[in-house]
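# Coordinates in review
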Protein chains: 2
Amino acid sequence: MYEDSSARIVAGLREWIATAPPGAKLPSTRALVAQYAASPVTVQKALRTLVTQGTVESRPGVGTFVRATRVARPHDYGWQTAALGTPVHRAPHLPAPLRSPPNDVIALHSGYPDRELLPERLVRAALTRAARSDAAISRPPAAGLPELQAWFASELGAATTMGTASPAPSDVIIFPGSQSGLSSVFRSVVGAGRPLLIESPTYWGAILAANQVGVRLVPIPSGIHGPDPDDVARAFHRTGARAFYAQPNFANPTGARWSSTVAGRVMDTVRQSGAFLIEDDWAHDFGITADPVPLAARDDGGHVVYLRSLTKSVSPAVRIAGVIARGPARERIHADAQAESMYVSGVLQAAALDVVTQPAWRTSLRTLRRELAPRRDLLARALREHVPTAYVAAVPQGGLNLWVRLPDGTDVARLVRDCETAGVIVASGDEWFPAEPTGPHLRLNYSGPNPGAFPTAARTIAEALERNSGP
Amino acid sequence: MYEDSSARIVAGLREWIATAPPGAKLPSTRALVAQYAASPVTVQKALRTLVTQGTVESRPGVGTFVRATRVARPHDYGWQTAALGTPVHRAPHLPAPLRSPPNDVIALHSGYPDRELLPERLVRAALTRAARSDAAISRPPAAGLPELQAWFASELGAATTMGTASPAPSDVIIFPGSQSGLSSVFRSVVGAGRPLLIESPTYWGAILAANQVGVRLVPIPSGIHGPDPDDVARAFHRTGARAFYAQPNFANPTGARWSSTVAGRVMDTVRQSGAFLIEDDWAHDFGITADPVPLAARDDGGHVVYLRSLTKSVSPAVRIAGVIARGPARERIHADAQAESMYVSGVLQAAALDVVTQPAWRTSLRTLRRELAPRRDLLARALREHVPTAYVAAVPQGGLNLWVRLPDGTDVARLVRDCETAGVIVASGDEWFPAEPTGPHLRLNYSGPNPGAFPTAARTIAEALERNSGP
């Protein structure tokens, strides 16, 4: 336990001092030498440590004494408020999807799939292999493990349309999760004080990252087929924005998938505006009845900055995301990533690469898809049956969530509280809006634990809605 | 390999198409059904995919044809320059200490200890245990694993002086490495456009993070006993700064250790200025002939924001740092950390905690200390012997580096190049200055591989210096 025997004596004397009155005289050096079976030099070293720590004071020729302890007092950190000033943006709180619920509730609030949907054995085996490998003890290049860069590039390359050049491995930058990727992209490609078009509603983590960077959000209404391309064109023109953040496939929270026409027209607008599309392909591994084709697969002009994360489909512990960008944008994002976090743990990168290159990974994705469909349908059916006043505009073809419109006038905060009291945790839709919510919504995750409880959860929501419309 | 059989057909046809002329007609559906032993539905699905990808076009009733491929052309991403504008701060390049050198050179440039100095077996065992644990598949709280928070708090608490309250586990925020911690602290506690006092010379990573955040750096000259406390007081008064970034123990690059008097006076100044000391205790585990006592151990008024990293003493793969702060500062740093990276991989946190709570960890630190001393002395002796014109102001009592003043007029960039040509990689001291370098310096790491080559390295530096003073 102790680094050397003087540390042992320090610990022993601190215990003694804790119960001694201020001013008490410590045993003599000779007595301590005997008590601790240590040399006088070691005892003297221990006493010097205690003096340095302010615990005792030494009066030469007299002895060593316990110092008068100050009375413990509560601190007032008011001076910090003056030093810090007011925050630049609203102080973020703990968003609902990150809350860790108690065990005995039905949790529909989370942003993550239940662990039984994850390739747990693959992940454990990959981490174990990584622990034995060179990755456990070495430092990877700043942009990422070359093989992992190559994998992210090949995944996008496989979807690339004819005549479009596939991305190169060097176009990929590895991040410790997509939140870090978003922050870095917003800093590099947009910048504080500058405008960013953003779907509304959209992922709260993107809103949070954008607010932190201090970019000015320009919301673009987005429905089940994506945004109106004319809205996008007008917003680019009106604001001078040079970037648009979007989730074209199975958007969080709405589940929307842009039609091919919308995708083509938005890409045209982006090109004509000399702008970037920041494509967050968060649900790439969560297609249910449709395969997501990234818009980035249609672009080799450097207009799309593409994000893909493995955190949700591999494991929350394998916090790895890849950003693909070309040209100066790639350089700027890479420089920012380096300034922000230097490099990403090689163990996590090696484990991620191991998982996604196993044949069993494909099997695992197929299983996931097979399991998501009935869960989604079960929750949708339970809502239709028990909560007829809740409206689901579209049952999504992929993703993890249902986006539920509640009756006008619903007090969502109260509804969320009432559900929680009754043992069901749901997320208020308010967190997904970059500006004022356009109506009362819930986002319900159908990939959490215990889908058998979905009907019970739906009944609980119905009862809470009932109370909500009361006095 | 393939997610379904239509993907197999897509892959096969892409190969066929790659060598087919534009306009070539694809085999009929019937032929493909036979060739791939697949159903007509599957073949149709494959063809639709190819149409979507723009590879082929379908003429109903006629057949499917290879589209005219566009000629591959190099891209000009010039439009991005207009969209991105000029960078807010100088574009960071790859700093010397992060370079991965070829195997056959003598590397004195790195910021990391050689792997043979690291507790490799402990790290591998800890990662393997973490792979088996719940941490491999679950999401830890945003601020960190509670047990790891408690460990960081107890480490600082053990040094806390009498009458000063020890930090609480909840005062600790876990980061994916100290670079992320620095970025977050600079954003939260200082902010873009506001002044930050900083030692000069000091750690290049801190300068990089500060530049990225856009804080205004106010350099404070710092020598082998630390800065002049009067300089610090004047700079606080003159600039209105509310924070001072420093490495009071075994500073990187100088190895300086603040005297107790300097430490006390700087703390007084910080308190009187209603300011923060951002204490980067990077070398906590690298004491050689002295034990570092953090200044944070003298403070419970929330004036010290304390950083400690495990990356350099545990493993570069275990990218874990702890930041300890109290009061509103702690809240603001935590909010920033969450917006920036959401949470840190639980596997890395569990592995870090495992390593540092093993009794063998203390043994490993003692071994490290025993091995650093002769390496440091060997390099210092080699320099004295072979490079008499190089001046080392003080052989440090801890840390990993010697800070070497070269003769006036030395062209450091040329010297570094010449050394590299001769097989010795050294880091120019220029990167450690927040403003213009005050003289030609090298930072030489004595904890890298192959200390037996130190005399050879010194002779190489001497020869390069010789050429440097030539025409």
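Here goes a summary of the coordinates provided. Here the structure is a predicted model, which is why all the values come from computation and not from measurement.

### Observations concerning the pattern of salt bridges
With the rule as written, the count across this model stands at 42 salt bridges over all chains. D134 of chain B is the salt-bridge partner of R115 of chain A, the closest N and O atoms lying 2.7 Å from each other. A residue pair is termed interchain when its members come from two chains, as with R115 of chain A in the loop between β3 (106-107) and α5 (120-132) and D134 of chain B in the loop between α5 (120-132) and α6 (146-159). Since its relative accessible area comes to 45%, D134 of chain B is described here as partly exposed. Here R362 of chain A ties to E155 of chain A by a salt bridge, and the two come within 2.8 Å at their closest N and O atoms. A residue pair is termed long-range when its members are at least 10 positions apart, and R362 of chain A in helix α13 (residues 359-386) and E155 of chain A in helix α6 (residues 146-159) qualify at 207 residues. Take R362 of chain A and E155 of chain A: they sit in the same class, and that class is buried. Connected through shared salt-bridge partners, R187, D336 and E340 of chain A together with R187, D336 and E340 of chain B make up one network.

### What to know about the interface of chain A and chain B
On the chain B side, the residues contacting the 101 residues of chain A number 101 residues. Roughly 8,600 Å² of surface becomes buried between chain A and chain B when both sides are summed, with 53% attributable to carbon and sulfur atoms. Between chain A and chain B we count 4 salt bridges in total. Applying the counting criterion to the chain A and chain B interface returns 45 residue pairs in polar contact (both at pLDDT 80 or more). Grouping the amino acids of the side of chain A that touches chain B by side-chain chemistry returns 42 nonpolar, 35 polar and 24 charged.

### With respect to the packing of helix α2 (residues 29-36) of chain B against helix α3 (residues 40-52) of chain B
All names here are of chain B. Running from N to C, α2 and α3 point in directions that differ by 110°, and their axes come no closer than 9 Å. Here α2 lies roughly perpendicular to α3, going by the angle between them. Between α2 and α3, the residues in contact are T29, L32 and V33 and P40, V43, Q44 and L47, respectively. When its residues are assigned to classes, the contact of α2 with α3 shows 5 nonpolar, 2 polar and no charged.

### Structural notes on helix α7 (residues 178-190) of chain A
Side chains of residues three or four places apart in an α-helix project in the same direction, reflecting 3.6 residues per turn. All names here are of chain A. Taking 1.5 Å of rise per residue, 13 residues should cover 18 Å, and α7 covers 17 Å from first to last C-alpha, within 8% of that figure. The element α7 is largely enclosed, with a buried count of 13 among its 13 residues. Phi turns positive, to about 100°, at G191, one or two residues after α7.

### Examining the environment of E120 of chain B
Position of E120 of chain B relative to the elements: it lies in helix α5. Taking relative accessible area as the criterion, E120 of chain B reaches 24% and is therefore assigned partly exposed. In this structure, the C-alpha to C-alpha distance between E120 of chain B and S315 of chain B, residues 195 residues apart in sequence, is 7.7 Å. Look past the residues within four positions of E120 of chain B in its chain and what remains in contact with it is I137 of chain A together with R115 of chain B.

### A few points about the relation of the copies chain A and chain B
Both copies of the chain are placed relative to one another by a rotation about an axis and a shift along it. The two copies are related by a screw operation: chain A maps onto chain B through 180° of rotation and 0.1 Å of translation along the axis, at an RMSD of 0.1 Å. What we have between these two chains is a two-fold relation. No C-alpha of chain A lies nearer the rotation axis than that of T128 of chain A, which sits 2.5 Å from it. With an isologous cut-off of 70% or more, the 99% of interface residues of chain A that recur at the interface of chain B puts this contact in the isologous class.

### Structural notes on helix α1 (residues 5-18) of chain B
Residue and element names in this part refer to chain B. Taking 1.5 Å of rise per residue, the 14 residues of α1 would be expected to cover 20 Å, and the 20 Å separating its terminal C-alpha atoms lies within 8% of that figure. Where α1 is concerned, the buried positions are S6, I9, V10, L13 and I17. Relative to the axis of α1, the buried residues are bounded by an arc of 105° and lie together on one face. Of the exposed residues in α1, those oriented more than 90 degrees away from the buried face are E15 and A18.

Calculation rules
- Residues numbered from 1 in each chain as written.
- Chains lettered and ligands numbered in written order.
- Predicted model: local features only at pLDDT ≥ 70, side-chain atom pairs only at ≥ 80, totals over all residues.
- Heavy atoms only, no water.
- Salt bridge = Lys/Arg side-chain N within 4 Å of Asp/Glu carboxyl O.
- Helix = DSSP H or I, 4+ residues; strand = E, 2+ residues; numbered from the N terminus.
- Buried < 20%, exposed > 50% of the residue type's maximum accessible area, 1.4 Å probe, protein only.
- Contact = heavy atoms within 4.5 Å.
- Buried area = accessible area lost by both parts, 1.4 Å probe.
- Polar contact = N/O pair within 3.5 Å; in protein donor to acceptor, adjacent residues only side chain to side chain.
- Nonpolar A, V, L, I, M, F, W, Y, C, P; charged D, E, K, R; others polar.
- Axes fitted to C-alpha atoms, helices over the stretch in contact; angles between N-to-C directions.
- Parallel < 35°, antiparallel > 145°, perpendicular 65-115°, else oblique.
- Expected span 1.5 Å × (residues − 1).
- Least-squares fit on C-alpha atoms with pLDDT ≥ 70 in both.
- Arc of directions from axis to C-beta.

So yeah, pure geometry; function would need other evidence.
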